[in-house]
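Inside the fold
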Amino acid sequence: MKVYFAASIRGGRADISIYKQLIAYLSNNHEVLTEHIGDDSIIASGEVERTDKAIRDRDIQWIEEWDVMVAETTNPSLGVGYELAYAEHIGKPVIIIHRTNQSQLSAMIAGTDYFDSIYYYEEIKDAIGILEAQLGKEE
Ligand SMILES: O=c1[nH]c(=O)n([C@H]2C[C@H](O)[C@@H](COP(=O)(O)O)O2)cc1CO
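Residues numbered from 1 in each chain as written. Predicted model: local features only at pLDDT ≥ 70, side-chain atom pairs only at ≥ 80, totals over all residues. Heavy atoms only, no water.

An unreviewed UniProt entry lists the protein under the name Putative 2'-deoxynucleoside 5'-phosphate N-hydrolase 1, with Ruoffia halotolerans as the source organism. UniProt annotates the protein under Sequence similarities (unreviewed entry) with the comment "Belongs to the 2'-deoxynucleoside 5'-phosphate N-hydrolase 1 family." In the Function (unreviewed entry) part of its UniProt record, the protein is described as follows: "Catalyzes the cleavage of the N-glycosidic bond of deoxyribonucleoside 5'-monophosphates to yield deoxyribose 5-phosphate and a purine or pyrimidine base." (UniProt positions renumbered as here; feature names shortened; annotations may be inferred.)

Below, the structure written as structure tokens:
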């Protein structure tokens, strides 16, 4: 499957090691369209070699192509919120994973009926277990 992995960039890069591990796991069995989100060289300023319009237009095109979105939402991100709303708008499946006791998921996401696959985890192994179970269902 084509997986669009969404996670914070300009919202802050504190969780990049988690993003890397999740992308590495997903890449074993799927095509991950947004591997750059786990790239250490991309700091909070984002992809500096592209214009904001080029980033936005490319990501929207990928969103149109993906089979499923996996969003790691612990570190709040305007971009991820926008991507989630776009997924809802075009009716694509979304899996949201969020670390417990770190931040509270926005009511605008947690309170949207369309987002009915929201999972909370503590350890990375738990997140991987959730993805394994949920992505199996999508295939
Ligand atoms: O440089 C970028 N490249 C990029 O692909 N994005 C997309 C993918 C991420 O899922 C999301 C992150 O948004 P934000 O930067 O607002 O945290 O936006 C966002 C940026 C910077 O805003």
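Following the structure, the description resumes.
Assigned secondary structure in the protein consists of five helices and five strands. When the helices and strands of the protein are read in sequence order from the N terminus, they spell out β-α-β-α-β-α-β-α-β-α. The C-alpha radius of gyration of the protein comes to 14 Å, within 12% of the 14 Å expected for a compact globule of 139 residues. With the principal axes as the frame, the protein shows a C-alpha extent of 35 × 35 × 30 Å. Pairs at least 24 residues apart make up 65% of the contacts formed inside the protein by residues separated by at least 6 positions. About 7,300 Å² of surface is accessible on the protein, with carbon and sulfur atoms providing 50% of the total. Of the charged side chains in the protein, 12 are positive and 24 negative, and the gap between their average positions amounts to 4 Å. (Helix = DSSP H or I, 4+ residues; strand = E, 2+ residues; numbered from the N terminus. Rg over C-alpha atoms; globule rule 2.2 N^0.38 Å. Contact = heavy atoms within 4.5 Å. Areas by Shrake-Rupley, 256 points an atom, 1.4 Å probe, with all protein chains shown as cover. Lys, Arg positive; Asp, Glu negative; His and termini not counted. Charge placed at Lys NZ, Arg CZ, Asp CG, Glu CD.)

Moving on: the site of the ligand. The environment of the ligand is formed by 18 residues, the closest being Arg10, Glu47, Asp59, Ser77 and Glu83. Contact between the ligand and Ile9: an oxygen atom at 2.9 Å from a main-chain N or O atom of the residue. His36 has a polar side-chain atom sitting 2.8 Å from an oxygen atom of the ligand. Of all the cavities here, the one that holds the ligand is the largest pocket. Counting only elements with at least two residues in the shell around the ligand, the list comes to helix H2 (52-65) and helix H3 (78-90). When residues in the shell around the ligand are grouped by element, the largest group, four residues, is from H3. Here the shell around the ligand is built from residues that sort into seven nonpolar, six polar and five charged. (Near = heavy atom within 4 Å. Polar contact = N/O pair within 3.5 Å; in protein donor to acceptor, adjacent residues only side chain to side chain. 1 Å grid on protein atoms, 1.4 Å probe; cavity = no way out; pocket = protein on both sides within 12 Å on 5 of 7 lines; lining within 4 Å. Sits in = over half its atoms within 2 Å of the grid points. Nonpolar A, V, L, I, M, F, W, Y, C, P; charged D, E, K, R; others polar.)

Turning our eyes to something else, we now look at the side chain of Glu72. Considering the arrangement of structural elements, one finds Glu72 in strand S3 (residues 68-72). Within the structure, Glu72 has its side chain in polar contact with the side chain of Thr74 (distance 2.7 Å). Not counting residues within four places of it along the chain, the set of residues in contact with Glu72 comprises Phe5, Ala6, Ala7, Ile18, Tyr19, Leu22, Ile97, Arg99 and Tyr121.

It is worth spelling out the confidence of the model for the protein at this point. Confidence in the prediction of the protein, expressed as mean pLDDT, is 96, and 98% of residues score 70 or more. With a pTM of 0.96, the predicted complex shows an ipTM of 0.99. (pLDDT = per-residue confidence, 0-100.)

Attention now goes to the sheet that holds strand S4 (residues 94-99). Taken in spatial order, the five strands make up an open sheet running S2-S1-S3-S4-S5, and their pairing is parallel. Two strands lie at the open edges of the sheet, namely strand S2 (31-32) and strand S5 (118-121), each paired on one side alone. Where strand S1 (residues 2-6) and S3 come together, four bridges link them in parallel fashion. Pairing of Val3 across the sheet is with Val68, part of S3. Its contacts with the sheet put H3 on S1, S3 and S4, and the angle it makes with S3 is roughly 150 degrees. (Pairing = 2+ DSSP bridges. Axes fitted to C-alpha atoms, helices over the stretch in contact; angles between N-to-C directions.)

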